[in-house]
Each structure stands twice: as C-alpha cells, then as structure tokens.
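# Structural overview for review
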Amino acid sequence: MEEKRVSGVMSWFRERFGRQRNGQEQINPYENPPPPSHPSDLSISTSICSSSSSHQHLPSFLSSSLRSALKYDLYLCHSEKDMEQAQSLATFLEQPGKSLRCFLQERDCALGGAVSTELLQALRDSHCWLLLITPHFLKDDWCLYQMHQVLSEGPMSQRIIPSVLDMPRSELPLELRFLFTVDLNVNREFGFKQVYSTVLHYLKDVCEKETSSSVSQTDRREESQL
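Residues numbered from 1 in each chain as written. Predicted model: local features only at pLDDT ≥ 70, side-chain atom pairs only at ≥ 80, totals over all residues. Heavy atoms only, no water.

Per an unreviewed UniProt entry, the protein goes by the name Toll/interleukin-1 receptor domain-containing adapter protein isoform X2 and belongs to Danio rerio.

Written out as structure tokens, the structure reads:
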C-alpha cells in the first residue's frame with residue numbers, strides 16, 4: 001500500500017513537471033547575453049586607470065625647484081586664426097601623463113592688461129617658446145613681434161621651437177632657418193611628441209646642470225675649509 005502511494009506521487013511529479021518543461025523553449029545562454037556596461041561607466045573606469053598609472057611615470061626632474069622658478073614650461077605663440085591647433089597642442093602637453101604647463105594668450109592673459117606687457121611677462125616667465133608658424137602667423141604683426149622678442153631673449157638656444165603647419169619649411173622666416181624645426185604637416189601627433197620631448201630634454205638638461213653646479217660649489221666650499 002505504501003509502495004503504491006509513493007509510486008503515485010512520483011508519477012504525479014513526472015507528469016506535472018515533465019509537461020511544464022516540454023512547454024517551455026530551451027534557453028540558449030548565448031542568445032541573451034547580459035547587457036553591456038554603460039559607456040559612461042567604461043569611460044570613468046578607463047580614465048581612472050589611465051590617470052593613476054600616468055602619474056607614476058613622470059620624470060623626477062619635473063618636481064625640481066628650478067622648474068618651478070618659472071610659471072610656464074612652454075609659451076605658445078600663434079595667430080588667432082590658428083587658435084584651435086594651438087589648443088590641441090596645449091591639451092596634448094598638459095594631459096596627466098605629460099603634465100607640462102603651457103601659456104596660451106587667450107586663456108592665461110589677465111583681462112584688462114596691456115597686451116604687450118602681458119605677453120612679454122609670460123615670455124620671460126617660460127622655459128621654452130614654441131612658434132606655430134603658419135601662413136596666418138607670417139601675416140600677424142603680434143606674432144612677428146613675439147618672434148623677435150623670443151629671438152632677443154634666447155638667440156641660438158634650445159629654448160626656441162619653431163613648428164611649421166600648412167606651409168613648407170622653405171617659407172620659414174630667415175631668422176628661424178638655422179633652428180631645428182618641428183614639421184606638423186605630415187603627422188601632427190608625431191610632431192606633438194617631438195615638441196614634448198624637446199621641452200622635456202631642455203628641462204632635464206637645465207636641472208642636471210644646476211645640480212652639477214651646486215655639487216661643485218659645495219665641494220669647493222669644503223676644500224676651502226680644510
């Protein structure tokens with residue numbers, strides 16, 4: 001009697017759940033994958049990872065007091081008509097993985113100040129100077145004024161970086177033809193990297209010379225005390 005009861009219950013379970021299973025479509029786990037992460041979540045995650053890793057690779061000399069003695073690492077001289085290209089370069093150089101300090105006239109000049117005074121002050125407060133030479137630059141009196149100020153401040157120095165855009169090098173002003181020039185015509189990103197490397201090399205060289213000079217002075221002082 002007990003066996004018949006158990007058998008009856010088992011038959012009822014088989015009939016009940018067997019019918020339900022047959023009535024359902026088989027679910028393919030690959031047909032309905034989980035929804036992808038929201039794009040903003042991915043971008044936030046990527047930016048956090050990139051910024052945290054990039055800060056770890058900054059050269060040590062960028063923290064030197066000699067670098068901080070001047071307000072800007074690079075003075076960007078450009079025509080108003082080339083503002084977009086200058087801003088792109090500044091964005092590239094100022095990103096967390098590079099962290100250079102750039103001067104842009106339209107962003108960094110004090111409102112109400114005399115243009116010539118503001119530009120001259122910023123020029124003297126910068127380690128390097130980039131001249132974005134374009135057809136517009138050559139027709140802009142303010143650009144030519146800044147170019148001659150730069151040449152008078154640091155002639156024959158590694159601080160001047162002429163960069164050519166939308167014109168051949170052969171059309172460079174005569175005053176700049178003896179200087180190494182960055183060509184932005186073919187590969188702009190590669191040119192931006194060249195600018196970054198040039199500024200970095202100058203800062204490193206200056207900091208190393210200053211360190212060497214300080215060590216020499218210390219040695220001479222110690223020798224004189226013996």
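### Here we look at the layout of surface pockets
For clarity, the cut-off: Both site types are read off a 1 Å grid over the protein atoms alone. A 1.4 Å probe that fits but cannot get out defines a cavity, while an open set with protein on both sides within 12 Å along at least five of seven lines defines a pocket; lining residues have an atom within 4 Å of a point. Grid points are joined across faces, edges and corners, and a volume is the space filled by probe spheres set on the points. Secondary structure elements are taken from DSSP: a helix is a run of H or I of four residues or more, a strand is a run of E of two residues or more, and numbering for both begins at the N terminus.
The computed volume of the largest pocket comes to approximately 280 Å³. Those elements giving two or more residues to the lining of the largest pocket turn out to be helix H5 (105-108), helix H6 (115-124) and helix H8 (141-153).

### Quick notes on the sheet that holds strand S3 (residues 126-133)
Put simply, the rule is: In short, DSSP must find at least two bridges between two strands for them to pair. Any pair of residues with heavy atoms lying within 4.5 Å of one another is described as a contacting pair. Working convention: axes come from line fits to C-alpha atoms, limited for helices to the stretch in contact. Angles between N-to-C directions cover 0 to 180 degrees.
With parallel pairing, the five strands of this open sheet are ordered in space as S2-S1-S3-S4-S5. Edge strands, defined here as strands with exactly one partner in the open sheet, are strand S2 (102-103) and strand S5 (182-183). In this structure, strand S1 (residues 72-77) lies alongside S3, joined through five bridges in parallel fashion. Of the residues in S3, the one forming a bridge with Cys77 is Leu131. Across the sheet, helix H4 (residues 83-94) is in contact with S1, S2 and S3; its angle to S1 comes to roughly 165°. With respect to the sheet, H8 is in contact with S1, S3 and strand S4 (160-164), its orientation differing from that of S3 by roughly 140°.

### Section: the pattern of salt bridges
Applied cut-off: In what follows, salt bridge is the name for a side-chain nitrogen of Lys or Arg lying within 4 Å of a carboxyl oxygen of Asp or Glu.
A complete count under the given rule lists eight salt bridges for this structure. The residue Arg101 makes a salt bridge to Asp73 at a minimum N-O spacing of 2.9 Å. Of this pair, Arg101 sits in the loop between H4 and S2 while Asp73 sits in strand S1, and the two are 28 residues apart along the sequence. Across the salt bridge formed by Arg107 and Glu94, the nearest N and O atoms sit 2.8 Å from each other. With Arg107 in helix H5 and Glu94 in helix H4, this pair connects stretches of sequence that are 13 residues apart.

### Description of the packing of aromatic side chains
Condition: Geometry of aromatic contacts follows a simple scheme: Phe, Tyr and Trp rings, the Trp one being its six-membered ring, pair when their centres are within 6.5 Å, and the pair is stacked under 30 degrees between planes, edge-to-face over 60, tilted otherwise. We call a charge positioned over a ring when the NZ of a Lys or the CZ of an Arg lies within 6 Å of the ring centre and within 35 degrees of the ring normal.
Tallying each qualifying case throughout the model produces four aromatic pairs. One aromatic cluster is present, formed by Tyr72, Tyr75 and Phe103 through successive ring pairs. When the ring centre of Phe92 is taken as reference, the NZ or CZ atom of Lys98 above it lies at 4.6 Å. Its end group placed over the ring of Tyr196, Lys98 keeps NZ or CZ at 5.4 Å from the ring centre.

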